[in-house]
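Observations on the three-dimensional arrangement
Chain by chain, the residues:
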Amino acid sequence: MANGVNKVILIGNLGKDPESQTFDSGVKKTSFSLATTEEYKDKEGNRVKQTEWHNIVLWRGLADVAEKYLNKGNQIFLEGKIKTRSWEDKDGNKRYTTEIVGDNMTMLGGGRKQQNGDSPQEATTDTPATEVEDDLPF
């Protein structure tokens, strides 16, 4: 039996262009903010929009894809897990941040184009993309 489940699924829009850094080991990290918006009616029947902001972190190949193809405003589908990390700031205070570490991403809107015109729509860190069958059973 599993000890627990840490799974996040988000559909939202990038709040800023991705920022990438490559470490001495050659590993790439790309991060950006993602906005998810819910809409509901309040007690008086007025439509209310509520936006939640998420800090997204992508590593290695997925970080490369985000750096090449994503821009502020793009809509994506993201799967990942919640991670909280801590560090000490310059004044010695312990600080915390909660991030979504993505492991699967699908671009839902237009992104940057490669020079050859290709624009991948789905990327994962570990799982190869599966082909979609043309003859659907319905």
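Refer to the preceding data block for the structure.
Not measured: the values here are computed from a predicted model.

1. Structural notes on the pairing of strand β5 (residues 75–88)
One ladder, built from 6 bridges, connects strand β1 (residues 8–14) with β5; its direction is antiparallel. Pairing of Gly12 across the sheet is with Ile76, part of β5. Pairing geometry for β5 and strand β6 (residues 94–107), over 13 bridges, is antiparallel. In the strand pairing of β6, Phe77 is matched with Thr106. Linkage of β5 to β6, two consecutive antiparallel strands, is achieved through a turn of 5 residues, within which Gly92 is found at a positive phi near 85°.

2. Focus: the pattern of salt bridges
Per the stated rule, a full pass over the model turns up 7 salt bridges. A salt bridge links Lys7 to Glu79, with the shortest nitrogen-to-oxygen separation between them at 3.5 Å. Of this pair, Lys7 sits in the segment before β1 while Glu79 is found in strand β5, placing the two residues 72 residues apart along the sequence. Judged by relative accessible area, Glu79 falls into the buried class, the value being 16%. Residue Glu39 is joined to Arg47 by a salt bridge in which the shortest nitrogen-to-oxygen separation is 3.4 Å. When its relative accessible area of 57% is taken as the criterion, Arg47 is described as exposed. It is possible to trace a salt-bridge network through shared partners that takes in Lys28, Asp64 and Glu67.

3. Side note on the nonpolar core
Core analysis: the biggest nonpolar cluster contains 18 residues, and Phe32, Ile56, Leu58, Leu70, Ile76 and Met105 have the highest contact counts within it. Those elements that place two or more of their residues in this core are β1, β3 (28–41), β4 (47–59), α1 (60–69), β5 and β6. No other element matches α1, which puts 5 residues into this core. Dropping the residues within four chain positions of it, Ile76 is found in contact with Leu10, Ile11, Gly12, Leu14, Phe32, Leu34, Leu70, Met105, Thr106, Met107 and Leu108.

4. Quick look at the environment of Asn13
Structurally, Asn13 can be placed in strand β1. Taking the C-alpha atoms as reference points, Asn13 and Asn71, separated by 58 residues in sequence, lie 9.4 Å from one another. Once residues lying within four places of it in the same chain are set aside, the contact partners of Asn13 are Ser33, Leu34, Ala35, Gly73, Asn74 and Gln75.

5. Considerations on the pairing of β3
By the bridge criterion, 2 bridges tie β1 to β3 in an arrangement that is antiparallel. Residue Asn13 lies in a different strand from β3, and its bridge partner there is Ala35. Both strand β2 (residues 19–22) and β3 contribute to a ladder of 4 bridges, which runs antiparallel. Bridge pairing in β3 places Ser20 opposite Thr30. Taking the residues between adjacent antiparallel strands as the criterion, β2 and β3 are bridged by 5 residues, where Gly26 takes a positive phi near 95°. The sheet contact formed by β3 and β4 spans 13 bridges and is antiparallel. Paired with Ser33 across the strands is Asn55, a residue of β4.

Rules behind the numbers
- For every chain, the first residue of the written sequence is number 1, and numbering continues from 1 onward in sequence order.
- Reporting in this predicted model follows two pLDDT cut-offs: at least 70 for local features of residues, and 80 or more for side-chain atom pairs to be given and counted; totals over whole chains, interfaces and linings ignore these cut-offs and use all residues.
- Side-chain calculation: all heavy atoms of the structure are included, whereas hydrogens and water are not.
- DSSP-based pairing: two strands are paired if at least 2 bridges between them are found.
- A helix here means a DSSP run of H or I that spans at least four residues, while a strand means a run of E at least two residues long, and both kinds are numbered starting from the N terminus.
- In the sections that follow, a salt bridge refers to a side-chain nitrogen of Lys or Arg positioned within 4 Å of a carboxyl oxygen of Asp or Glu.
- Only protein chains enter the accessibility calculation, which uses a 1.4 Å probe; a residue whose area is less than 20% of its type maximum is buried, one above 50% is exposed, and one in between is partly exposed.
- Definition used in this section: a nonpolar core is a set of buried Ala, Val, Leu, Ile, Met, Phe, Trp, Tyr and Cys residues joined via side-chain atoms within 4.5 Å.
- The contact criterion used throughout is that any non-hydrogen atoms of two residues lie within 4.5 Å.

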